[in-house]
Amino acid sequence: MENSQDKATSRRKKKSKRLLILLVAILVFVLVAVAVTVALLVYRTDQEASSGDLWLESRLPSSLVPLHYQVELRPDLNTFTFTGSEQISIQCLESTNYILLNSRLLNITDGSVSLQTATGEDLNVERWFLYPENEFFVVQSTQSLRKGESYVLSVSFSGLLMDDLRGFYRSSYLDSLTGETRYLATTQFSAIDARKAFPCFDEPAMKATFDVTLVHQSEYKALSNMPIRQSDVREDGWTADHFDTTVRMSSYLAAFVISNFTYRENVTGLHGNITLKVWARPDAVENGEVDYAIAVASKVLTYYEEYFGIPFPLPKLDMAAIPDFPFGAMENWGLITYRETSLLYDPSVSTEANKQRVAVVVAHELGHQWFGNLVTPAWWEDLWLKEGFASTAEYPGVDFVEPTWAMEDQFLEEDLHPVFALDSLSTSHPISLPVNHPDEISQIFDTISYSKGASIIRMMSSFLGSSYTKGIKSYLERYQFANAVQDDLWNSLTEAAQEDGRTDVQVKDVMDTWTLQMGFPVVTVTRDYSNGRVMVSQRHFLYDPEANVPESPYNYVWQVPLTYTTGEDMNFADPPQTWIRDTTEEFPLSAAPTSWLIANVNQTGYYRVNYDMANWELLTNFLMSDSFQDIPVATRSALIDDAFNIAQSGGLSTVIALDLSRYLRRERDYLPWASASRAFGYISNMMAGTGSSQHLERYVLNLVLPVYNTLGWEDAGGHLERYNRMTALSLACNFGYNGCLQNASQKFSEWRGGGSVSPNLKRTVYCYGIANGNENDWNFAWQRYLSTDTVASEKALLLSALACTADQYVLSRYLDWTIDSTKVRKGDALNTIVSISGNKLGKAMVWTFLNQNWDYIFDSYGGSLFGLTGLILGVTENFNTEEELQQMQDFVTSHPELGTATRAFQQAQERARANIKWRQQSEDDVAQWLADNQRESATL
């Protein structure tokens, strides 16, 4: 047995050998690439200058469609390269001499391209070439391919297993038993990266079946969309796994994982016919970190089969936790891949938020097996058809597993309120957005497609009732294994409503106003207390109402389903509804002048509501009474969120919103406090460094300390009680309550001394323990992050908490480490940068860092669907001065290549202008109100 020194020497030798092999492989790859490029330049003569050449277009021509792929891939985890070959069966719809496929960063093997008829007759390939500008692989046949006939294209190719988290790429982790780095090969093909693994028709409407063979080193296991049909041994001891033929699907849903993972297994499905396995690092499986995910998935999959009325069409479902993964998860049919924090859960270490995250992401991805996989948007402009529905389905799915979590109410905090913030900008975009070029696809993978999509579906479900479920089932049955556009959905829903006798709703007429124009309305309700009439008006809600907006086909008028109730009726379960289809409407109300009116009950509609001053006063007085809980928790949360955000836009005095918030001293439920926490956080950031900051701190602490003292520091109670405790502790510490800060520091010291911290206290304890500690405290937390036995969710908490330090040098060094993948993993770097920017010492530091390192960041993350958008919006969230606005404008001028961050920079600048305007219009009034209310806060 080797001693530790021998092991270390051995590991260094292995590492050196691996590095040498990798360098040689890269050199060979580059030489081949150069040779191919030179050859292609010869091919690409003046023939390619014609404007009629198909490869000059950004989309694939409609003349050919794939029927079947037979793909073999051989990844080498020593050299980080792969080779492959494929035979594609193609049907000709229009006569042509050209076959165009998508290909990126692949080398086509010289002499490997051949073409045959379906009967095996060889056709002469006159030439082939790559056209990188539009990511095309072009094959020209001497003979014309005839309409109605089928052909088989064969080609071999090679590529690199890079660490860019796109296409067919490599990941790694540190083996906790041996201390060695373990490598794996995995995939992320959505939206257009299947072309990085094999030449293909890489558009969602180009569905086909797949026969996949993965050839791998024998110490690894291979996974793909289907079960292994058979395995055989190849030369040098490599194993070839041949997988069953897939169902008909889009290329972006193909998936492969080659790893040394282990798994836990279960059998699920309504008929007990689906094998479910959850795969992860061996130590994570051994520690039971996959157990919760497999329990959730088993129940949710069965629930969805019954709810949608269509069986899961595959015999197995694998779910794999990938150490380096760009998103929360990816819904590949039969092989769902996850970021580790979205699949692994350890109840002794992970928080309630981690637990809910796992349940929600699992339910979301399983929802995709129907919405996205079974029925796929015809093109990316209807991305919301899959993401919106999956984001909607996750709520009943999780509710089925965890009925005490009040998931329907949580929709407000998790989806509705966050997307309101983005959709309140003139630089937002419609849900259904024309995508004319593949480069534009990444910009619609945002909160609008996901959360607004879910929000308008939730609204539609509310006004359609049982017809909604009936129409959805019809839609899935009609378009299964095919593609759809949003009008197909509207037709299915309208037919269902008409069958149920609902002749008052044409779904397309209503919903086009919500999908084909950006934004949403604020509905202003003005009562005539003398005659009981209610005037309702709608206008486009913007944080900056004076901002220029693009033209809208509906002139920013929506068809609004307005629900309402009064203090006399208290009908929150099945409230009356009227339609607001014009800029102003009027309806009668049978309620006493002393009775309040609430519209958009439980905020099921995708709009905000403002009231006349008298009604705001009635609502405020009722909330201050002993009966305030007669208004359901979701509606109380909505009132707070609406009031503060309408005030942020200038449509209501912030003083009115602050008056409303006074009732919170008696509020004990999570959702209203979540809305209030966000509102107070905004005001605090806007007024940071002013003389009123201390007044704000005293006011907020006066409100939060009763719930803080009630909940205490014992990590106990139900799910939402624990959520509320985390919110209360965070508010108390953030607004400077000494008791909170001292408790956090004490528990941090106990942790350093060998004790433990209860999971749901960690975020507060870690952050404020580090903030009030020294460099040794920071280094201790950093070593815990590096430890191989630290759970993934714990690592994520530590990465965020490390950004709380008050040591400027340490913070600067930590920021530098975000572009060193040996320190901070590439998939965690952008979130870490955003966390650092949230530190008052880090705000300017991060902006300077982005200026200095933009080229690296852009090259590393420019193709990421969410990365740069989240980075820019996160880093600039609190910009609120003319100087900071000018800095952003200068950045855009000096960095013309912004890629997927282009829209994010536009939104960031608009948000900064709105913040500046709020300070100009509201800061003095808020300061005066806070000063006047110091007597009420004098109990502290």
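Whatever comes next refers back to the structure up there.
Quick caveat: nothing in here was measured; it's all calculated off a predicted structure.

Cut-offs applied
Residues numbered from 1 in each chain as written. Predicted model: local features only at pLDDT ≥ 70, side-chain atom pairs only at ≥ 80, totals over all residues. Heavy atoms only, no water. Helix = DSSP H or I, 4+ residues; strand = E, 2+ residues; numbered from the N terminus. Rg over C-alpha atoms; globule rule 2.2 N^0.38 Å. Buried < 20%, exposed > 50% of the residue type's maximum accessible area, 1.4 Å probe, protein only. Contact = heavy atoms within 4.5 Å. Areas by Shrake-Rupley, 256 points an atom, 1.4 Å probe, with all protein chains shown as cover. Lys, Arg positive; Asp, Glu negative; His and termini not counted. Charge placed at Lys NZ, Arg CZ, Asp CG, Glu CD. Pairing = 2+ DSSP bridges. Axes fitted to C-alpha atoms, helices over the stretch in contact; angles between N-to-C directions. Salt bridge = Lys/Arg side-chain N within 4 Å of Asp/Glu carboxyl O. Expected span 1.5 Å × (residues − 1). Bend = angle between axes of the 7 residues up to and from the residue. Disulfide = S-S within 2.5 Å. Parallel < 35°, antiparallel > 145°, perpendicular 65-115°, else oblique. Left-handed = near helix turned anticlockwise from the far one by under 90°. Nonpolar A, V, L, I, M, F, W, Y, C, P; charged D, E, K, R; others polar. Phe/Tyr/Trp six-rings, centres within 6.5 Å; stacked < 30°, edge-to-face > 60°. Lys NZ or Arg CZ within 6 Å of the ring centre and 35° of its normal. Polar contact = N/O pair within 3.5 Å; in protein donor to acceptor, adjacent residues only side chain to side chain.

## Regarding the overall build of the protein
Within the protein, the secondary structure is distributed over 26 helices and 30 strands. A compact globule built from 940 residues would reach a C-alpha radius of gyration of about 30 Å, and the protein, at 29 Å, matches this within 12%. With the principal axes as the frame, the protein shows a C-alpha extent of 85 × 75 × 60 Å. Going through the 940 residues of the protein one by one, you find that 59% of them count as buried. Across the protein, the fraction of contacts at a sequence separation of at least 24, relative to all contacts at a separation of at least 6, is 72%. Accessible area of the protein: about 35700 Å², with a carbon and sulfur share of 48%. When the 73 positive and 115 negative side-chain charges of the protein are each reduced to one mean point, those points stand 6 Å apart.

## Some thoughts on the sheet that holds strand β7 (residues 125-131)
Ordered by their spatial adjacency, 3 strands build an open sheet running β3-β8-β7, and the pairing between neighbours is antiparallel. Every interior strand has two partners, whereas the edge strands, β3 (96-102) and β7, have only one. Here the average twist between neighbouring strands, direction ignored, is 20 degrees. As paired elements, β3 and strand β8 (residues 136-145) share 6 bridges and run antiparallel to each other. From the neighbouring strand, L101 faces β8, where its bridge partner is F137.

## A word on the pattern of salt bridges
The full count for this structure, using the stated rule, is 45 salt bridges. With a closest N to O distance of 2.9 Å, R195 and D202 form a salt bridge. We note that R195, like D202, is buried. R678 serves as the salt-bridge partner of D641, at 3.4 Å between the closest nitrogen and oxygen. One end of the pair, D641, is in helix α12 (residues 633-648); the other, R678, is in helix α14 (residues 670-686), with 37 residues separating them in the sequence. Residue class for D641 comes out buried when judged on its relative accessible area of 4%.

## Looking at the pairing of strand β30 (residues 608-611)
Residues R608 and N610 line one face of β30 and the alternating positions V609 and Y611 line the opposite face, and both faces are buried. Alignment of strand β24 (residues 521-528) against β30, held across 4 bridges, turns out to be parallel. Each bridged residue has a counterpart across the sheet, and for V522 the counterpart in β30 is R608.

## Brief notes about helix α26 (residues 902-932)
Spanning 31 residues, α26 covers 44 Å between terminal C-alpha atoms, matching the ideal 45 Å at 1.5 Å per step. The largest bend in α26 is about 50 degrees, located at S922.

## Examining the sheet that holds strand β17 (residues 262-268)
Taken in spatial order, the 5 strands line up as β17-β18-β19-β21-β20 in an open sheet, and their pairing is mixed. Only two strands of the sheet have a single partner each, and these edge strands are β17 and β20 (329-330). Pairing between β17 and strand β18 (residues 274-280): 7 bridges, direction antiparallel. Counterpart to T268 in the pairing with β18 is I274. Here helix α3 (residues 291-308) sits on the sheet in contact with β17, β18 and β19 (316-322), set at roughly 30 degrees to β17.

## Concerning the state of the cysteines
Per the stated rule, a full pass over the model turns up 2 disulfides. Sulfur-sulfur distance for the disulfide between C733 and C740 comes to 2.0 Å. One disulfide, between C733 and C740, carries an S-S torsion of -100 degrees and so falls in the left-handed class. Taken individually, C733 and C740 each receive the classification buried, so the pair is uniform in this respect. Across a sulfur-sulfur distance of 2.1 Å, C767 and C804 are joined as a disulfide pair. Around the S-S axis, the bridge from C767 to C804 shows a dihedral of about -100 degrees and counts as left-handed. Highlighted residues: C767 in helix α18 (residues 762-771) and C804 in the loop between α20 (792-801) and α21 (808-817), separated in sequence by 37 residues. Residue C767 is classed as buried on the basis of its relative accessible area of 15%. Shown here for the protein is a disulfide pattern of 1-2, 3-4, where each number marks a bonded cysteine counted in sequence order.

## Concerning the packing of α14 against helix α16 (residues 719-734)
Relative to each other, α14 and α16 sit at 30 degrees, their axes nearing to 9 Å. As judged from the angle between their axes, α14 and α16 are roughly parallel. Where α14 crosses over α16, the handedness of that crossing is left-handed. Of the residues in α16, those touching α14 at Y670, W673 and S677 are L720, Y723, N724, T727 and L731. For the contact of α14 with α16, the class distribution of residues is 5 nonpolar, 3 polar and no charged.

## Topic: α16
Here α16 spans 23 Å end to end across 16 residues, near enough to the 22 Å set by a 1.5 Å rise per residue. Most of α16 sits inside the fold, with 12 of its 16 residues counted as buried. The complete set of buried residues in α16 reads H719, R722, Y723, N724, R725, M726, T727, A728, L729, L731, A732 and C733. At its buried positions, α16 is contacted by α4 (352-368), α6 (407-423), α14, α15 (693-711), α17 (738-752) and α18.

## Observations regarding the packing of aromatic side chains
Scanning the model with the defined rule gives 67 aromatic pairs in all. On the numbers, 4.6 Å between centres and 5 degrees between planes, the contact of Y69 with F210 is stacked. Placement of Y69 in strand β1 (residues 64-76) and of F210 in strand β12 (residues 209-216) is noted, with a sequence separation of 141 residues between them. Each of the two residues, Y69 as well as F210, counts as buried. A connected cluster of aromatic rings, assembled from ring pairs, spans Y303, Y304, Y307, F308, F312, W370, F371, W384, F389, F400 and W490. R59 extends its terminal NZ or CZ atom over the ring of W379, reaching a point 3.5 Å from the ring centre.

## A look at the packing of helix α23 (residues 842-861) against helix α25 (residues 882-894)
For the pair α23 and α25, the least separation of the axes is 12 Å and the interaxial angle reads 10 degrees. When the axes of α23 and α25 are compared, the pair comes out roughly parallel. The residues of α25 that touch α23, namely those facing K843, W847, L850, N851 and W854, are E884, Q887, M888 and F891. Here the residues of the contact of α23 with α25 sort into 5 nonpolar, 2 polar and 2 charged.

## Some words on unusual backbone geometry
Note that the residue after S190, namely A191, is joined by a cis bond; omega there is 5 degrees. Counting through the fold element by element, A191 comes out in the loop between β11 (181-188) and β12. Notably, E135 is not glycine yet its phi reads approximately 55 degrees, a positive angle. Structurally, the position occupied by E135 is in the loop between β7 and β8. A positive phi angle is found at Q603, which is not glycine, with a value near 55 degrees. The topology assignment puts Q603 in the loop between β29 (597-599) and β30.

## What about the environment of I258?
Counting through the fold element by element, I258 comes out in strand β16 (residues 256-259). Along the primary structure I258 and F312 are separated by 54 residues, whereas in three dimensions their C-alpha atoms are 25 Å apart. If we skip the residues at most four places from it in the chain, I258 touches P75, L77, F168, L184, A185, L214, H216, Y220, K221 and A222.

## Some remarks on the side chain of Q517
Mapped onto the fold, Q517 is located in the loop between α10 (507-515) and β24. Here the side chain of Q517 touches T513 through a polar contact of 2.9 Å, landing on its backbone oxygen.

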